[in-house]
Amino acid sequence: MLNKLKTFFSKNKNPLDMPLDKLKESKIKLDIQIRKLEDEIANIDNQITALFEKAKMAKSKSEELTIATKIKTLSQKKKQLQNSHALLNKQMRLVDNLLVIKENEAILKSTPLWNILNKMSPEELERALIDLRLNSENVINTLNVALGITDDALSIASEEHDEDIEEILKTIHAVKEGELDVEDAKEMVCEEKRDKDRLLFE
């Protein structure tokens, strides 16, 4: 399962392109694996408890040593399982966050956040999402904070995708380069605006 999850973040695949049903399927499989690990850890705990109870009745140092060795082996196995459990929980958070993003895709696409998320590499996206706890109520604000996006940055990102703003920015650059004077620039901008308005009502 971990190998399958890693393919979500291959260099050639954007996690945001994953279908919602595939993410839900991955969540179910992860949940099964997490529960299985929890059962195994609980079983080891019971075995260790039983060994300590048995140690109370040990008649010799040799028997105590044998029990201690078994406890050590079980403790090491428990630690390995706990590490796997922690990794699976991180993967679960990642899938949960991707689900929230996909379920709110329409809303996010109306903000500059969607373009910012799409431009991130799979590895960058994973690092950004792995420790978050997104829900539908906080998805935009939490992502803004996590990605270090300020209101000014969002405003700039939004304006850069506005055709009118792009044309005005080009005109400003022409003025700065001395290619246009201010009056000509003003006339160009106003003329373009009138032309667009006329086309809308024709």
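Residues numbered from 1 in each chain as written. Predicted model: local features only at pLDDT ≥ 70, side-chain atom pairs only at ≥ 80, totals over all residues. Heavy atoms only, no water.

*Asks:* Before we go on, may I ask you to explain helix α7 (residues 139-146) in this structure?
*Replies:* Because each turn of an α-helix spans 3.6 residues, side chains separated by three or four positions end up pointing in the same direction. Restricting attention to buried positions, one finds in α7 the residues Val139, Leu143 and Asn144. Viewed end-on, α7 has its buried residues packed into an arc of 130°, placing them on one side of the element. Exposed and facing more than 90 degrees away from the buried side of α7 are Asn141 and Val145. (Buried < 20%, exposed > 50% of the residue type's maximum accessible area, 1.4 Å probe, protein only. Helix = DSSP H or I, 4+ residues; strand = E, 2+ residues; numbered from the N terminus. Arc of directions from axis to C-beta.)

*Asks:* I'm lost on the pattern of salt bridges in this one. Help?
*Replies:* Two side chains bearing opposite charge may form a pair once their charged atoms approach each other closely. By the definition in use, this model includes seven salt bridges. Note that Asp45 is salt-bridged to Lys78, the shortest N-O span being 2.7 Å. One end of the pair, Asp45, is in helix α2 (residues 20-56); the other, Lys78, is in helix α3 (residues 61-103), and 33 residues separate them in sequence. Glu105 is paired through a salt bridge with Lys109; the nearest N and O atoms lie 2.9 Å apart. Of this pair, Glu105 and Lys109 both sit in helix α4 (residues 105-109), four residues apart, roughly one helical turn. Exposure remark for Glu105: the relative accessible area of 19% places this residue in the buried category. (Salt bridge = Lys/Arg side-chain N within 4 Å of Asp/Glu carboxyl O.)

*Asks:* What is the right way to look at the confidence of the model for the protein chain in this model?
*Replies:* Note: predicted coordinates in regions of low pLDDT should not be interpreted at a detailed level. The pLDDT averaged across the protein chain works out to 79; a share of 78% of its residues lies at or above 70. Put simply, helix α8 (residues 151-160) is where the protein chain has its lowest mean pLDDT, 48, and α2 is where it has its highest, 93. Contacts for the low-pLDDT stretch residues 156-161, under 50 throughout, to residues beyond four places or in other chains number six contacts. Counting contacts from residues 196-202, a segment whose pLDDT is below 50, to residues more than four positions away or on other chains yields two contacts. (pLDDT = per-residue confidence, 0-100. Contact = heavy atoms within 4.5 Å.)

*Asks:* Help me out: how do you make sense of the packing of α2 against α3 in this one?
*Replies:* When two helices pack together, their arrangement is given by the angle between the helix axes and by the axis-to-axis distance. Across the interface, α2 lies against α3 with an axial gap of 8 Å and an inter-helix angle of 160°. With respect to α3, the axis of α2 lies roughly antiparallel. Crossing of α2 over α3 shows left-handed handedness. For the contact of α2 with α3, a count of residues per class yields 20 nonpolar, eight polar and 14 charged. (Axes fitted to C-alpha atoms, helices over the stretch in contact; angles between N-to-C directions. Parallel < 35°, antiparallel > 145°, perpendicular 65-115°, else oblique. Left-handed = near helix turned anticlockwise from the far one by under 90°. Nonpolar A, V, L, I, M, F, W, Y, C, P; charged D, E, K, R; others polar.)

*Asks:* Got a minute to help me understand the side chain of His85 in this structure?
*Replies:* Among the secondary structure elements, His85 is positioned in helix α3. The residues contacting His85, other than those within four sequence positions of it, are Ile34, Leu37, Glu38 and Ile41.

*Asks:* What exactly am I supposed to notice about the nonpolar core here?
*Replies:* It is characteristic of soluble globular proteins that their nonpolar side chains tend to be buried jointly. Counting residues in each nonpolar core, the largest one holds 35 residues, and the members touching the most others are Leu16, Ile101, Leu108, Leu129, Leu134 and Leu143. The element that contributes the greatest number of residues to this core is α3, accounting for twelve residues. Among residues more than four places away in sequence, those in contact with Leu129 are Leu94, Asn97, Leu98, Ile101, Leu134 and Leu143. (Core = buried A, V, L, I, M, F, W, Y, C linked by side-chain atoms within 4.5 Å.)

*Asks:* How should the environment of Ile71 be read in this particular structure?
*Replies:* Locating Ile71 in the fold gives a position in helix α3. The exposure class of Ile71 is buried, given its relative accessible area of 11%.

*Asks:* So what exactly am I meant to see when it comes to the side chain of Lys102 here?
*Replies:* One can find Lys102 in helix α3. Relative accessible area serves as the criterion here: at 15%, Lys102 is assigned to the buried category.

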